[in-house]
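Chains, contacts and geometry: an overview
Residues per chain, in single letters:
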Amino acid sequence: MEAVLAHLRGAIERGTYAIGDKLPSEAELCRTLEVSRPVLRESLRALQTMGLTVSKTGKGTFVVANTVEDPTFGDYAASDLLEVRRHIEIPVAGYAARRRTPENLDHLAHLLDRMEQETDTTAWVAMDSLFHLAVAEAAQNPVFRRVIEEIRDALARQSAFLNELGGRREQSNREHRAIVEALLDGSEHDAVEAMAHHLDRVETTLTDIVRNPRRTDTPMEGGPEA
C-alpha cells in the first residue's frame, strides 16, 4: 500500500494529475499498478486523508491539492487534534498516576498485553484508542473521559494512518508500556513525561510522512500483490 500511495502522491505532486483532474477508475488503476482493489482503496483513502483528493459518490476521485498541508482524521485536522491532545492527555496522565485504582491498573495492563501480542493492525488500532480512553478513566474525572470519547474516532483514524505509513506499532507499544509503568509506580512526573514523549513521537512520525514523501518518478512496475 505504501508503494501505491507513494506512486499516486508523486504523480499528483508532479502534476501528472493536476488539480481538478479525475483519477483513473479503480479497475484501471488496479490493472496498471498490478494491485488488488483493497490495497488500492487503502491508498485512495490515505490520499484523501492527506487532503490531496476528494471522493464523489458515483463520480470518482478528484485531485483538489498538489501538496500535503494538514491531514484530516474524521472531523478534525491533525494539527488541531494534536494541540488538544497535548492540553488534555498530558495532564490526564498525571491525574491518573495519582488517582488510579487497582481495577484501572489491571484493565490497562491487560489491554497493553493484548496490544503487544496483536498482529492484526485493525484490531490493534481499536485497542489503541481504548488504551487512551482507559488512561482518561483512570484520572477519575468524567469530563476527561467524555473529551477522549469525542475524539476517539479521530484517534483511531490517525493511529491507522501512522501505523500503515510510519510503522508506529512496536514503538507505540513501548511508549504505552512506559505510561503504564509510571501509573503503576504512582509517579505523576513520570506519567506526564511518558505521555508527552508519546505525543512527541506521534507528531514526529506524522511530520515525516507529510514532509518527506517517497517519490516515485517512474511508473510502478509490478506493484505489491495482495
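Use the structure listed above.
Residues numbered from 1 in each chain as written. Predicted model: local features only at pLDDT ≥ 70, side-chain atom pairs only at ≥ 80, totals over all residues. Heavy atoms only, no water.

Examining unusual backbone geometry
Quick reminder of the rule: Think of it in three bands: residues with accessible area under 20% of the maximum for their type are buried, residues over 50% are exposed, and the middle band is partly exposed, with areas taken using a 1.4 Å probe on protein chains only. Counting from the N terminus, the helices are the DSSP runs of H or I reaching at least four residues and the strands are the DSSP runs of E reaching at least two.
One non-glycine residue, Glu34, lies in the positive phi region at around 60°. Using a relative accessible area of 40% as the deciding quantity, one classes Glu34 as partly exposed. The phi dihedral of Gln140 is positive, around 60°, even though this residue is not glycine. The residue Gln140 is located in the loop between α6 (121–138) and α7 (142–166) in this model.

Structural notes on the layout of surface pockets
Over the atoms, a rolling probe the size of a water molecule traces out where space has been left empty. Rules: Buried and open spaces are told apart on a 1 Å grid over the protein atoms alone, a cavity being a set of points where a 1.4 Å probe fits but cannot get out and a pocket being an open set with protein on both sides within 12 Å along at least five of seven lines. Residues with an atom within 4 Å of a point are the lining residues. Grid points are joined across faces, edges and corners, and a volume is the space filled by probe spheres set on the points. Under the scheme applied here, ten amino acids are nonpolar (Ala, Val, Leu, Ile, Met, Phe, Trp, Tyr, Cys and Pro), four are charged (Asp, Glu, Lys and Arg), and all others, including Gly, are polar.
Estimated volume of the largest pocket: approximately 490 Å³. Considering the residues around the largest pocket, the lining is formed by 18 residues, among which Glu42, Arg45, Thr49, Arg157 and Ala160 are closest to the centre. When residues of the lining of the largest pocket are traced back to their parent elements, those giving at least two are α3 (37–49), β3 (72–73), α6 and α7. When the residues that make up the lining of the largest pocket are grouped by side-chain class, the tally is eight nonpolar, six polar and four charged.

Some remarks on the nonpolar core
In a soluble, globular protein the nonpolar side chains are often hidden away together inside. Filter applied, for reference: We define a nonpolar core as any set of buried Ala, Val, Leu, Ile, Met, Phe, Trp, Tyr and Cys residues linked to one another through side-chain atoms lying within 4.5 Å. Note on contacts: a residue pair is in contact if any heavy atoms of the two residues lie within 4.5 Å.
Of all hydrophobic cores here, the largest spans 68 residues; its most connected members are Leu8 and Phe161. When neighbours within four sequence positions are excluded, Leu8 is seen to be in contact with Tyr17, Leu29, Leu33, Leu40, Leu44 and Leu47.

Structural notes on the packing of helix α4 (residues 78–99) against helix α9 (residues 188–211)
Definition in use: Inter-axis angles, ranging from 0 to 180 degrees, are taken between N-to-C directions of lines fitted to C-alpha atoms, where helices are fitted over the stretch in contact. Here roughly perpendicular refers to angles of 65 to 115 degrees, roughly parallel to angles under 35, roughly antiparallel to angles over 145, and oblique to all remaining angles. Take the far helix as your reference; a near helix turned counterclockwise from it by less than a right angle gives a left-handed crossing, and one turned clockwise gives a right-handed crossing.
Contact geometry for α4 and α9: axes closest at 7 Å, N-to-C directions at 160°. Here α9 runs roughly antiparallel to α4, going by the angle between their axes. The crossing of α4 and α9 is right-handed. On the side of α4, the interface is formed by Ala78, Leu82, Arg85, Arg86, Glu89, Ile90, Ala93, Gly94, Ala97 and Arg98, while α9 contributes Glu188, Ala191, Val192, Met195, Ala196, His198, Leu199, Asp200, Glu203 and Leu206. Taken together, the residues of the contact of α4 with α9 sort by class into eleven nonpolar, two polar and seven charged.

Quick notes on the environment of Ala154
Tracing the backbone shows Ala154 in helix α7. Given a relative accessible area of 3%, Ala154 falls into the buried group. A C-alpha to C-alpha distance of 24 Å links Ala154 and Ala3, two positions 151 residues apart in sequence. Ignoring anything within four residues of it in the chain, the contact list for Ala154 reads Phe73, Tyr76 and Leu81.

Description of the side chain of His176
Within the secondary structure, His176 sits in helix α8 (residues 169–185). A relative accessible area of 0% places His176 in the buried class. Residue contacts for His176: discarding those within four places in its chain leaves Leu112, Met115, Trp124, Asp128, Phe131, His132 and His198.

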